[in-house]
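Notes for the structure review
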Amino acid sequence: MSETGNRLRKLLESPNFDPQNYVKQLSQQSDGDRDLQEHRQKIQNLADETAQNLKKNVYKNYRQFIETAKEISYLESEMYQLSHILTEQKSIMESITQALLSTDKDETSKEMQAAFPKETEEVKQRTLTSLLEKVEGVKNIMDTPGRHLVYNGDLVEFDVDNMSAIQKVHAFLMNDCLLIATWLPNRRGAVKYKYNALYDLDSFAVVNVKDNSPMKDMFKILMFPDSRIFQAENSKIKKEWLEILDETKKNKVTKDRHKKEEEQPTSPVRAEVSTNPFDMDDDEPADAEESVDLSLDWIQELPEDLDVCIAQRDFEGAVDLLDKLNEYLKDQPVTQRVKELKLKVDERVRQLTEVLVFELSPDRSLRGGPKATRRAVSQLIRLGQSTKACELFLKNRAAAVQTAIRQLRIEGATLLYIHKLCNIFFTSLQETAKEFQMDFAGNTGCYSAFVVWSRSAMSMFVDAFSKQVFDSKESLSTAAECVKVAKEHCQLLTEIGLDLTFTLQSLLVKDIRAALLSYKDIIMEATKHRNSEEMWRRMNLMTPEALNKLKDEMRSCSMGSFEQYTGDDCWVNLSYTVVAFTKQMMSFLEEGMKLYLPELHMVLLESLREIILVAVQHVDYSLRCEQEPEKKAFIMLNATFLHDTVLPVVERRFEEGVGKPAKQLQDLRKSTRSIRINPESTVSLV
């Protein structure tokens, strides 16, 4: 920037700058309008430069903001991993500590149980009984032998969706279950609570909820497909709840495992020989029972781990656990303990399948395209549900395509709408086919279902197409262009091995036939109306430009010999009716060729024959009725033009487009020869 510009910048940036005084001084010092214009240009240049610098700074800061956001995301991920590692380290340290102290604890517990066996059991049951007397509707809780109270306390339940407080509850944790009771607003004597729910310790998982002010000291209980959130009084009580719940669940698993291991038959029983081959697995020998080791920690915790994976939507982790279990039990005998484990696992598999099915349901969000369904589909296939995965995937895509078509706004020209419609539909169909090939590459039996689905999807597309093109009574030329666009898009599907051209044609044939017949009737009515007003006079186009335009139109209609029918100046030695008929006839033929289908061969051929017959019969009738020699010669000239020029062009163009000779048109042209050979005949042409 020049020195003058720098001085101007410093002046405008000074904190004591007064605009009014500046303008006043500038007006006094300037010699005229030219000085003011130059100064205005300097200020404008300075403003443009400032705006450009501001844009650069904004862009620079925006890039720094994006980079900072990415770094924060990376740091958050690393912190999460670090937290996960610390948690694992903590659990390892606790397990090591428990292993070192297990011997002392076992000896101490045995001594205590030996010294006070009845008193300890009685105290636990008496404490539980005294507390349960305060709860309404829990008479059968104490029917289970050995059940005793571990921990209890007040909690506040919150709504899972909007995190608003619902009610105050009192939780009773026993050695095998968790009881939730609500506070009674109107207390009756010693009864303070009312029974709300009872959960077996194996049926739920406990998850810590991260503190997020003002939502603090919360933990979640996951029972598929529901979950409940509770808030403790403070962080200390919350920690106690989490630790005691975790310890109690582990104790129950250990106790159940020891109980099964200690179960032995009291006396040998002779096995009965069964002739039913399906009973062979029920009579497993004792050594087979011992050979299947189900005491591994990951097997004991498998049902609970599956519940956590399902609740946290870790579908891959859940299926990995199932595959690991199936691989472990693949060559193992099916003992009673294995059957019990499989019953628990099968229930989790059913729950996981329901969640995956819901993920693929059309009620879910349809955004993201076919790739958004890949996760759920792949896990269903791994679970052996490839047929269900195929069905749900195709239903999801059908709903997505239908929604996209429904949301397409009808605006502007019909051809523009059809371009958008074809682009949306065939692009979605192509993406769906590619995703289907990727997801079901190893399930060739599902491909027939995709072909059936493609036909139904094409039917949905044709409904929307026909409603806009044919039901709205568009011109035949517009309909032909729209059908051409649809065929071109459909042809692109052959690149991925999917050819739906025949399906598209079979669905459109009815509407195309109706359009051809309707337009044929319009041409015939217009021709008859012009025939009724025919004066058999030469055309006078008035200007050379109009004559040249008509010649160009006739050349575009393949009427190369039209030049010999043009006279001096701007005259044409044909009647207006014959020229108008020729242009309309050739236009119908060209649009009909674009819409041609093998099923419509006779429809198009008969339509052409009927249209030509209207003009030929009119010429035939005029020749027989006209008495003036000059007019009769002029009519004969028009008949020659129709027979020698128009009809051969129609035949040739039809044969080129169809690939078959038009016998009906050839017969019609032969029958019109009598008009030229014997114009005086009184026999009419039929």
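Residues numbered from 1 in each chain as written. Predicted model: local features only at pLDDT ≥ 70, side-chain atom pairs only at ≥ 80, totals over all residues. Heavy atoms only, no water.

1. Side note on the overall build of the chain
Looking only at helices and strands, the chain has 22 helices and 10 strands in total. Counting all 686 residues of the chain, 36% fall into the buried class. Restricting to contacts in the chain with at least 6 residues of sequence separation, those with at least 24 account for 66%. (Helix = DSSP H or I, 4+ residues; strand = E, 2+ residues; numbered from the N terminus. Buried < 20%, exposed > 50% of the residue type's maximum accessible area, 1.4 Å probe, protein only. Contact = heavy atoms within 4.5 Å.)

2. Examining the nonpolar core
Membership of the largest hydrophobic core comes to 125 residues, with the highest contact counts inside it found for F461 and F465. Those residues in contact with F465 that lie beyond four places of it in its chain are I418, L421, F470, C482, V483, A486 and L508. Counting residues in hydrophobic clusters, the runner-up holds 18 residues, among them V169, A171, Y199 and L201. (Core = buried A, V, L, I, M, F, W, Y, C linked by side-chain atoms within 4.5 Å.)

3. Structural notes on the side chain of E157
Position of E157 relative to the elements: it lies in strand β2 (residues 149-158). A polar contact is formed between the side chain of E157 and the side chain of R228, at a distance of 2.8 Å. Non-local contacts of E157, meaning those with residues more than four positions away in its chain, are made with S164, A165, I166, Q167, V169, R228, I229 and F230. (Polar contact = N/O pair within 3.5 Å; in protein donor to acceptor, adjacent residues only side chain to side chain.)

4. Quick word on the packing of aromatic side chains
For the structure shown, the criterion picks out 20 aromatic pairs. Centroid distance F426 to F461: 5.2 Å. Interplanar angle 70°. Geometry classified as edge-to-face. You can see F426 sitting in helix α13 (residues 414-439) and its partner F461 sitting in helix α14 (residues 447-469), a full 35 residues away along the chain. Accessibility expressed as a relative area gives 3% for F426, which makes it buried. Residue classification places F461 among the buried residues on the basis of a relative accessible area of 0%. The ring of W183 is capped by K168, whose NZ or CZ atom sits 4.5 Å from the centre of that ring. The ring of F204 carries the charged tip of K249 above its face, separated from the ring centre by 4.7 Å. (Phe/Tyr/Trp six-rings, centres within 6.5 Å; stacked < 30°, edge-to-face > 60°. Lys NZ or Arg CZ within 6 Å of the ring centre and 35° of its normal.)

5. Considerations on the confidence of the model for the chain
For residues with low pLDDT, the predicted coordinates do not support detailed interpretation. In this model, the chain carries a mean pLDDT of 79, and residues with pLDDT of at least 70 account for 86%. Of the regions scoring below 50 in pLDDT, residues 681-686 engages in 14 contacts with residues more than four places distant in sequence or in other chains. (pLDDT = per-residue confidence, 0-100.)

6. Side note on unusual backbone geometry
The residue D217 is not glycine, and still its phi comes out positive at about 60°. Along the polypeptide, D217 turns up in the loop between β6 (205-208) and β7 (218-223). With relative accessibility at 14%, the residue D217 sits in the buried group. Although it is not a glycine, M542 adopts a positive phi angle of roughly 75°. Taking relative accessible area as the criterion, M542 reaches 64% and is therefore assigned exposed.

7. Concerning the pattern of salt bridges
Two side chains that carry opposite charge are able to pair once their charged atoms sit near each other. For the structure shown, the criterion picks out 25 salt bridges. Across the pair E391 and K395 runs a salt bridge, and its minimum N-O distance is 3.3 Å. Highlighted residues: E391 and K395, both in helix α12 (residues 386-407), separated by 4 residues, approximately one helical turn. By relative accessible area, K395 is classed as partly exposed at 46%. Several salt bridges share partner residues, and in doing so they unite D202, K252 and D256 into one network. (Salt bridge = Lys/Arg side-chain N within 4 Å of Asp/Glu carboxyl O.)

8. Details of the packing of helix α20 (residues 629-658) against helix α21 (residues 663-671)
At a closest axis distance of 10 Å, the pairing of α20 and α21 adopts a crossing angle of 170°. As judged from the angle between their axes, α20 and α21 are roughly antiparallel. Residue-level inspection shows H643, L647, P648, V650, E651 and E655 of α20 in contact with α21, the latter providing L665, Q666 and R669. When its residues are assigned to classes, the contact of α20 with α21 shows 4 nonpolar, 2 polar and 3 charged. (Axes fitted to C-alpha atoms, helices over the stretch in contact; angles between N-to-C directions. Parallel < 35°, antiparallel > 145°, perpendicular 65-115°, else oblique. Nonpolar A, V, L, I, M, F, W, Y, C, P; charged D, E, K, R; others polar.)

9. Observations regarding helix α9 (residues 315-328)
Taking 1.5 Å of rise per residue, 14 residues should cover 20 Å, and α9 covers 20 Å from first to last C-alpha, within 8% of that figure. Those residues of α9 lying buried are F315, G317, A318, V319, L321, L322 and L325. Buried-residue contacts for α9 involve α7 (297-300), α8 (302-311), α10 (336-360) and α11 (374-382). (Expected span 1.5 Å × (residues − 1).)

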